[in-house]
Number of protein chains: 4
Amino acid sequence: MKIASIIGSSRAEGNTELLANEVLKDIKHQKVYLKDLSIQPIEDLRHTKEGFQLIDDDYDQIVKVFMENDVIIFATPIYWYTMSGLMKNMIDRLSQAIRDERYPQFKERIKTVEAIVIAVGGDEPRIKGLPLIQQFRYTFDFLNMNFSTYILGEANKPGDILNDSQALSQAQFLNKSLAAQLN
Amino acid sequence: MKIASIIGSSRAEGNTELLANEVLKDIKHQKVYLKDLSIQPIEDLRHTKEGFQLIDDDYDQIVKVFMENDVIIFATPIYWYTMSGLMKNMIDRLSQAIRDERYPQFKERIKTVEAIVIAVGGDEPRIKGLPLIQQFRYTFDFLNMNFSTYILGEANKPGDILNDSQALSQAQFLNKSLAAQLN
Amino acid sequence: MKIASIIGSSRAEGNTELLANEVLKDIKHQKVYLKDLSIQPIEDLRHTKEGFQLIDDDYDQIVKVFMENDVIIFATPIYWYTMSGLMKNMIDRLSQAIRDERYPQFKERIKTVEAIVIAVGGDEPRIKGLPLIQQFRYTFDFLNMNFSTYILGEANKPGDILNDSQALSQAQFLNKSLAAQLN
Amino acid sequence: MKIASIIGSSRAEGNTELLANEVLKDIKHQKVYLKDLSIQPIEDLRHTKEGFQLIDDDYDQIVKVFMENDVIIFATPIYWYTMSGLMKNMIDRLSQAIRDERYPQFKERIKTVEAIVIAVGGDEPRIKGLPLIQQFRYTFDFLNMNFSTYILGEANKPGDILNDSQALSQAQFLNKSLAAQLN
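As a starting point, this report considers the structure included with it. (Residues numbered from 1 in each chain as written. Chains lettered and ligands numbered in written order. Predicted model: local features only at pLDDT ≥ 70, side-chain atom pairs only at ≥ 80, totals over all residues. Heavy atoms only, no water.)

**Concerning the overall build of chain A**
Secondary structure assignment for chain A yields eight helices and six strands. Walking chain A from its N terminus toward its C terminus, one meets helices and strands in the order β-α-β-α-β-β-α-α-α-β-α-α-β-α. Judged by the C-alpha coordinates and their principal axes, chain A covers about 55 × 40 × 25 Å. Here chain A holds 183 residues, and the buried ones make up 62% of them. Counted over contacts in chain A with a minimum sequence separation of 6, partners at least 24 positions apart contribute 78%. As displayed, chain A offers around 7500 Å² of accessible surface, 46% of which is attributable to carbon and sulfur atoms. (Helix = DSSP H or I, 4+ residues; strand = E, 2+ residues; numbered from the N terminus. Buried < 20%, exposed > 50% of the residue type's maximum accessible area, 1.4 Å probe, protein only. Contact = heavy atoms within 4.5 Å. Areas by Shrake-Rupley, 256 points an atom, 1.4 Å probe, with all protein chains shown as cover.)

Have a look at this one:
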């Protein structure tokens, strides 16, 4: 079982990443920082004669993450009650990836991927983050991916998440589950 | 009363824009296409010593739209059950704008703005678009903006929205309300 | 096409009923007042050896409404951000009805029913009523019923709904659609 | 600190109660079974000249629970994606209780109550139970009660909840928090 985390924060070592670290403690995994990749916003060309055009950016690295892992952790700060723009642009481009002739197996392959969401925000994320969870669910349903679980953490200032004992407890539980699946 | 619409589509004359056109028929307004502006994703520097740094892109045009209008229509296609990445990046940067020393009145000024949301999607938007509406609500609440109403339209192929008689009926109702407010 | 409305208000001529009346203006239909029926809360006996027991109350009238109509309008006041207890008890007992050996065709029959929801509340129903709509959707999905549309109206004092021009406009639109389906 | 749990199940020793038991393990508390109380559905008389009339049922016991405890656990099975009809009728009658002249301090008193929700369902409660959580939140907001946390558990057959290790882990965490608050 191969595990990856995709970090949607705009800064390194943010609260979201710290919480993802707890989930992945002592677990071998690949980590992808969206802030370090160049990913163009989608241009919706589904209904043009030519269809989507090849984009010269780093999205192929994302496709690889989806193709080569069995569990993907989508770790995003909550900006304005939903995922970061960085994470959104990455998700939007899935519309292109599932139609990309260079990856004919992509759509079938990702049906076997287990999705986990970690989202951290400062304004009552356990309530106001729920629409975000519902949207991820609709998205994973559309892609036939299995949305196994999610953790909503609360933090404002850098490092704050380490004081959210409820989120940490959930992260430790998930860490043990993943470790058990690996063995 | 001054009215603007901010169009979050990646293509011109999309269904979202067509529905916004119905709402704004025969009403003088400013129209802003996000696809034609360069807007960087936010970098969260709230907690650094230096704070946010001046970004050399087109966001000042967005600030102007918020400063100079009384009604703003946020018109976004529904991509993966939430707003487009273009719209999200624009919203994310509000975190910087409300702290921008060049616009000390920004935060106070936008409290007087009436927000309207128009969102068009292909997969049961009147149900699966509801989390998006809840997120806009939380956002406008945070900014103390008045979220007066929203329309969810259904469309897949170009022009489809003109067959959504329910959304068109709501657009006509809103058009009359706005026209009456103007007189 | 036969149409029924089920009114979940505790008082007659309430705002919810008034809005349903607009939807059903000049349309032949059956109207059922839950307040005039005796409906016991469900007792969950799914997992007992004997299963559900025959209840001596008025629920058979509800079963008949589901069996004999093609469109059912669920009209409920919004009490504490969800349906009234009267409506909830009626819905809860569906768990028994779909297992009732006296109605072997019930489960199949209701798959052909089109469901419409009308809900009226006093505290920002167009936002705070959205979770209720999502719950109705999950319910109709489970029952394989078609949830065609919904209207959320705002009213506090008796008769207030007649001032909600937006809800009235939506009601008139739906009225025309239903009338057109009938012809 | 005094703690009570209000059990909204229709049967004894149901999964919801079992999960509440985990939360309250070795913690002194009062337990109220709604199934053993007679509680009439609300009749909305807010706008009549006479107002609400005294109802001769067991609701005074509920009022006492709200008046005498500092933490109240609302434990409800998820029936049709929301609370049980038993729980809903109890909640509905709060509209009368906050206006009951026999309890002039009720409205002020409950502002000091901490609310916890435990809900157990069989159909993906961690996603499809989210609208229920949002409704409880709106309700507690209206009443100015503090909604401190919630647990969503999954169970179908009697006893199933004891296999939901994620919910049990959250229950143990909450149990420790409550025990710590008590000391």
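**Some thoughts on the relation of the copies chain B and chain A**
What relates the two chain copies is a rotation about an axis together with a slide along it. The transform that puts chain B on chain A rotates by 180° and translates by 0.0 Å along the axis, for an RMSD of 0.0 Å. On the angle and the small slide along the axis, the relation comes out as a two-fold axis. Among all C-alpha atoms of chain B, that of Pro 131 of chain B lies closest to the rotation axis, at 2.3 Å. Mapped onto chain A, 100% of the interface residues of chain B again fall at the interface, so both copies present the same surface. (Least-squares fit on C-alpha atoms with pLDDT ≥ 70 in both.)

**Brief notes about the interface of chain B and chain A**
Listed as interface residues are 35 residues of chain B and, on the opposing side, 35 residues of chain A. For the pair chain B and chain A, the two sides together bury roughly 3100 Å², of which 62% comes from carbon and sulfur. Looking at the side of chain B facing chain A, the largest losses of area belong to Trp 80, Gln 135 and Tyr 138 of chain B, adding up to 25% of the total buried there. Where chain B touches chain A, the interface holds zero salt bridges. Residues of the side of chain B that touches chain A, tallied by class, amount to 16 nonpolar, eleven polar and eight charged. (Buried area = accessible area lost by both parts, 1.4 Å probe. Salt bridge = Lys/Arg side-chain N within 4 Å of Asp/Glu carboxyl O. Nonpolar A, V, L, I, M, F, W, Y, C, P; charged D, E, K, R; others polar.)

**So, helix H2 (residues 59-68) of chain A**
All names here are of chain A. Three or more residues of H2 are buried, namely Tyr 59, Ile 62, Val 63, Val 65 and Phe 66. Down the axis of H2, the smallest arc covering the buried residues is 155°, so these residues share one side. Packed against the buried residues of H2 are strand S1 (3-7), strand S2 (30-33), strand S3 (71-79), helix H3 (85-92), helix H4 (94-97) and helix H5 (106-110). (Arc of directions from axis to C-beta.)

**Notes on the packing of helix H7 (residues 130-142) of chain C against helix H7 (residues 130-142) of chain D**
The N-to-C vectors of H7 of chain C and H7 of chain D enclose an angle of 155°; their axes lie 9 Å apart at closest approach. Viewed along their axes, H7 of chain C and H7 of chain D adopt a mutual orientation that is roughly antiparallel. As H7 of chain C packs across H7 of chain D, the resulting crossing turns out to be left-handed. Touching Pro 131, Leu 132, Gln 134, Gln 135 and Tyr 138 of chain C of H7 of chain C are Pro 131, Leu 132, Gln 134, Gln 135 and Tyr 138 of chain D, all from H7 of chain D. Class assignment for the residues of the contact of H7 of chain C with H7 of chain D results in six nonpolar, four polar and no charged. (Axes fitted to C-alpha atoms, helices over the stretch in contact; angles between N-to-C directions. Parallel < 35°, antiparallel > 145°, perpendicular 65-115°, else oblique. Left-handed = near helix turned anticlockwise from the far one by under 90°.)

**Comments concerning the relation of the copies chain B and chain C**
For these two chains of identical sequence, chain B goes onto chain C by a turn of 180° and a shift of 0.0 Å along the axis, with RMSD 0.0 Å. An overlap of 100% is found between the interface residues of chain B and their copies at the interface of chain C, pointing to a shared contact surface.

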